[in-house]
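The lines below spell out each chain.
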Amino acid sequence: MSNALVANMSLHRGAGFSPRRFARLPLYAALFFVLVWPVIMLIAGSFRSAAPGFDGEWTLAAWGSTFDSPGTGQAMSNSLFLSLVTTLLSTLIAAGLAFLSERTDMPLRRAITPCLMLMFATPALFYALGYALLGNAYTGSANSLLRTLFGVAAARLDVETWTGLITVMVLKKASIIYLFLIGPFRALDSSHNDASLVSGVGQFGSFFRIDLPTLTPALTGAILLGIVAGLQAFDMVLILGWPQDIDVIATRIMSFINGSAPPDYARASVLSIVLLAVVAILCIVQSRLLGKRSFVTVAGKRNSQRRVRLGRARWPLAAAVAFYLLLAVILPIGSVVFSSFQPFPGIYEGFSLRHYRSIFALPRMTDAIRVTFSIALIAGFAAMLFAVAVAQLGRALPPRRAAALRFVSLIPLAMPGVVTALAISWAVVSMPGLKQLYGTFWLVTLALVVVVVPFAIQVANAATAQISPELQEAARIAGASAPQATMDVVLRLIAPSFLSGWFMAAIIVSGNLEVPLLLKAPGLNPIATVVYSLYSSGDFSAASALLVILLLVKAAIWGTALAGYRLWRAWRQYRRQRLLSEIAIWREEASAPVSRAVTATATIAG
């Protein structure tokens, strides 16, 4: 298709009424209901004197009493402190690992990315419980090992303190920021450093003068992501901070709802709005800082990739990375698996499968696995499908509308899971026809879709950006509708990315604790809530066994997605072979009369 024809179609599409614009209305409605309406109702709920779905009065009382209530100011300062400190430390670690992995000749560089991807896929609840079992001051396996090696007087490790909480959060958050930075580090052009070296500047000077300024968008984005993740901290604070009465914004919101009688939804809404506003301001500040500066390193000319030779520092750095991976990956996961076979933490005899048998003997266990598996698959698929539609819409809109769409799609990024659950509660009960969804499987699924949508949209944008609009225009000219063109062209081409995003979204959903904890109904207990219930009751080994089962469920999710993808490829291959066979038969049938005519003509001529 010529560029003139595409431009003519685009101009015609932008003028006057278009059926395509009318077809976008359902998507606009879904965007408004799923992303915007919950925030509006969250703000409205802060002025209501009653819980969602109940008659109440409009009042400003919650805005005055929230910040005067005991513990709220301390929770806000705790969140800010945790967010800033853990972001600074985890960004330094993640940037160092990304540099060693992508730009140097360090021996263990290839092991960094798989290990940190495993850390990312491990739920925060799993990670927190692993370190709680490893570093508990009395029954932790690490302390038992220290006492065995050095006697009773050996120093005790205690992760259930401020220092322990910060350390575990830094280790976990570094994996998230690393995956955010690895692409930009990989795209750096070594020719810039070569020019700097020729000018007499050393390796470190070139990094700080050239590479670091070039990485400004990625680093500011990573810092913003780290601060947001710190402000949203819930699972780790709930597990590791509870013994020291460490309270943050997310746990404070939960206490307003689950720790009050009756639940104080208005004050929870006020605190949620404050958190939402802080994150929105951070996004605006980042945008202002970067402005319209250019940070291009990937152009038409192929980038030169040259690894920095570390020389004698190769093996000491490899040893440091190995120690980090041992501390951040192997020890917490191994601690959970080891504890699942213990009769009780601190007891090192009588190992058995008793906890696994008792878990499966629980009446609610089968339902918990089924609910977790169902929610993860449905929410992950719905989020990716919604994200592809939003990405396609963003490419078709003018720049200003596309920017507004990007802003709307990132709204859930500013809301922790507990805030999302509260906002969805207000939104659903405000709709007369949807009130019956409250406390059901579908409301929990909807809230988790909202939680994971920003991640899914990033995956969808990256995948669809590589597909030329001319392919869809060609399908439209051939008579396909817009949805059919999207299904037949876009989804087929991005199928690997779609399945990968579906899997990662399902991983995030399956380990989410705060949304099911706030929205669940009696009898609706995903694995995460059952684990927290067992841990709260002191049955740590059973909780560990259940977390191992959760990992197996995630492996089953991955296996399902992989099997589906392979079946889809086999079906496509079957259709292609069948089509080729039909074309071959048609050609034979079409050529048969011609062959007979040629034979007859030759006979007559003879």
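What counts and how
Residues numbered from 1 in each chain as written. Predicted model: local features only at pLDDT ≥ 70, side-chain atom pairs only at ≥ 80, totals over all residues. Heavy atoms only, no water. Helix = DSSP H or I, 4+ residues; strand = E, 2+ residues; numbered from the N terminus. Buried < 20%, exposed > 50% of the residue type's maximum accessible area, 1.4 Å probe, protein only. Contact = heavy atoms within 4.5 Å. Salt bridge = Lys/Arg side-chain N within 4 Å of Asp/Glu carboxyl O. Patch = residues over 30% accessible without salt bridge, like charges linked within 9 Å, V, L, I, M, F, W, Y side chains within 5 Å. Areas by Shrake-Rupley, 256 points an atom, 1.4 Å probe, with all protein chains shown as cover. Core = buried A, V, L, I, M, F, W, Y, C linked by side-chain atoms within 4.5 Å. Domains from an automatic or database assignment. Phe/Tyr/Trp six-rings, centres within 6.5 Å; stacked < 30°, edge-to-face > 60°. Lys NZ or Arg CZ within 6 Å of the ring centre and 35° of its normal. Axes fitted to C-alpha atoms, helices over the stretch in contact; angles between N-to-C directions. Parallel < 35°, antiparallel > 145°, perpendicular 65-115°, else oblique. Nonpolar A, V, L, I, M, F, W, Y, C, P; charged D, E, K, R; others polar. pLDDT = per-residue confidence, 0-100. Polar contact = N/O pair within 3.5 Å; in protein donor to acceptor, adjacent residues only side chain to side chain.

**Quick notes on the overall build of the protein**
1) Next: Scanning the protein from terminus to terminus reveals 27 helices and zero strands.
2) Next: Across the 606 residues of the protein, 47% fall into the buried class.
3) Next: Here the contacts in the protein between residues at least 6 apart in sequence split such that 77% fall between residues at least 24 apart.

**Comments concerning the pattern of salt bridges**
Opposite charge on two side chains allows them to pair when their charged atoms are near.
1) Next: Evaluated as defined, the whole model comprises four salt bridges.
2) Next: With a shortest N-O distance of 3.5 Å, R314 and D105 are connected by a salt bridge. Highlighted residues: R314 in helix α16 (residues 314-339) and D105 in the loop between α5 (72-103) and α6 (109-121), separated in sequence by 209 residues.
3) Next: R314 sits in the partly exposed class, given a relative accessible area of 24%.
4) Next: Note that R267 and D264 form a salt bridge whose closest N and O atoms lie 2.6 Å from each other.

**Considering a nonpolar patch on the surface**
1) Next: A cluster of nonpolar side chains, F323, L326, I330 and L331, forms an exposed patch at the surface whose accessible area comes to about 360 Å².
2) Next: Looking at the secondary structure, you find I330 in helix α16.
3) Next: What makes I330 exposed here is its relative accessible area of 52%.

**Section: unusual backbone geometry**
1) Next: Phi angles above zero are rare outside glycine, and D245 is one such case at about 55°.
2) Next: By secondary structure assignment, the location of D245 is in the loop between α13 (235-241) and α14 (249-258).
3) Next: Judged by its relative accessible area of 69%, D245 is exposed.

**Comments concerning the nonpolar core**
1) Next: Counting residues in each nonpolar core, the largest one holds 153 residues, and the members touching the most others are L181, Y324 and L546.
2) Next: Broken down by element, this core gets its largest block of residues, 15 residues, from helix α18 (residues 363-396).
3) Next: Split by domain, this core shows at least three residues from each of two domains, domain 1 (1-45 + 352-565) and domain 2 (75-334).
4) Next: In this structure Y324 touches I93, L97, L116, M119, L171, A174 and V329, once residues within four positions along its chain are discounted.
5) Next: Counting residues in each nonpolar core, the second largest holds five residues, with F120, F503, M504 and I507 among its members.

**Quick look at helix α8 (residues 141-150)**
1) Next: Turning to α8, its buried residues are S141, A142, N143 and S144.
2) Next: Here the buried face of α8 lies against α7 (124-135) and α16.
3) Next: Two residues or fewer after α8 comes G151, characterised by a positive phi angle close to 95°.

**Digging into the packing of aromatic side chains**
1) Next: Under the defined criterion, the tally for this structure stands at 12 aromatic pairs.
2) Next: Measuring from centroid to centroid gives 5.0 Å for Y535 and F540, while their planes differ by 50°, and the two rings are tilted.
3) Next: Given a relative accessible area of 13%, Y535 falls into the buried group.
4) Next: Above the plane of the ring of Y127 lies K172, whose end atom (NZ or CZ) is 5.8 Å from the centre.

**Observations concerning the environment of L448**
1) Next: When you line up the elements, L448 lands in helix α21 (residues 441-464).
2) Next: Classification of L448 by relative accessible area gives buried; the value is 2%.
3) Next: Other than its neighbours up to four places away in sequence, L448 contacts I375, A379, V509, N512 and V515.

**Considering the packing of α7 against α8**
1) Next: Orientation of α7 relative to α8, taken along the N-to-C sense of each, is 25°, at an axis distance of 4 Å. Comparing the axis directions of α7 and α8 gives the class roughly parallel. Across from L133, L134 and G135 in α7, the residues of α8 making contact are S141, A142 and N143.
2) Next: Residue composition of the contact of α7 with α8, grouped by class: three nonpolar, three polar and no charged.

**A closer look at the packing of α14 against helix α20 (residues 417-429)**
1) Next: The N-to-C vectors of α14 and α20 enclose an angle of 40°; their axes lie 9 Å apart at closest approach. Here α14 is positioned oblique relative to α20, judged by the angle of their axes. Contacts from A250, I253, M254 and I257 of α14 reach α20 at V418, V419 and L422.
2) Next: In terms of residue class, the contact of α14 with α20 is built from seven nonpolar, no polar and no charged.

**With respect to the confidence of the model for the protein**
1) Next: The pLDDT averaged across the protein works out to 76; a share of 76% of its residues lies at or above 70.
2) Next: Considering only residues more than four positions removed or in separate chains, one finds that residues 1-17, a stretch of pLDDT under 50, has 17 contacts.
3) Next: Throughout residues 290-304 the model reports pLDDT below 50, and contacts reaching past four residues in sequence, or to other chains, amount to 20 contacts.

**Details of the environment of S340**
1) Next: Inspection of the secondary structure puts S340 in the loop between α16 and α17 (354-361).
2) Next: In this structure the C-alpha to C-alpha distance between S340 and F351, which are 11 residues apart in sequence, comes to 8.9 Å.
3) Next: Those residues in contact with S340 that sit more than four places away from it in its chain are S352, H355, Y356, S541, S544, A545 and V548.
4) Next: Within the structure, S340 has its side chain in polar contact with the backbone oxygen of V337 (distance 2.6 Å).

**Quick look at the environment of V450**
1) Next: You can see V450 is positioned in helix α21.
2) Next: Residues V450 and A383 lie 67 residues apart in sequence; the distance between their C-alpha atoms is 7.6 Å.
3) Next: In contact with V450, other than residues within four places in its own chain, are V34, L35, P412, T420 and I424.

**What about the side chain of D105?**
1) Next: Taking the relative accessible area as the measure of exposure, D105 reaches 16% and is therefore buried.
2) Next: Ignoring anything within four residues of it in the chain, the contact list for D105 reads R307, V308, R309, L310 and R314.

**Here's the deal with the side chain of S541**
1) Next: With respect to the helices and strands, S541 occurs in helix α27 (residues 540-605).
2) Next: Here S339 takes part through its backbone oxygen, which lies 3.3 Å from a polar atom of the side chain of S541.

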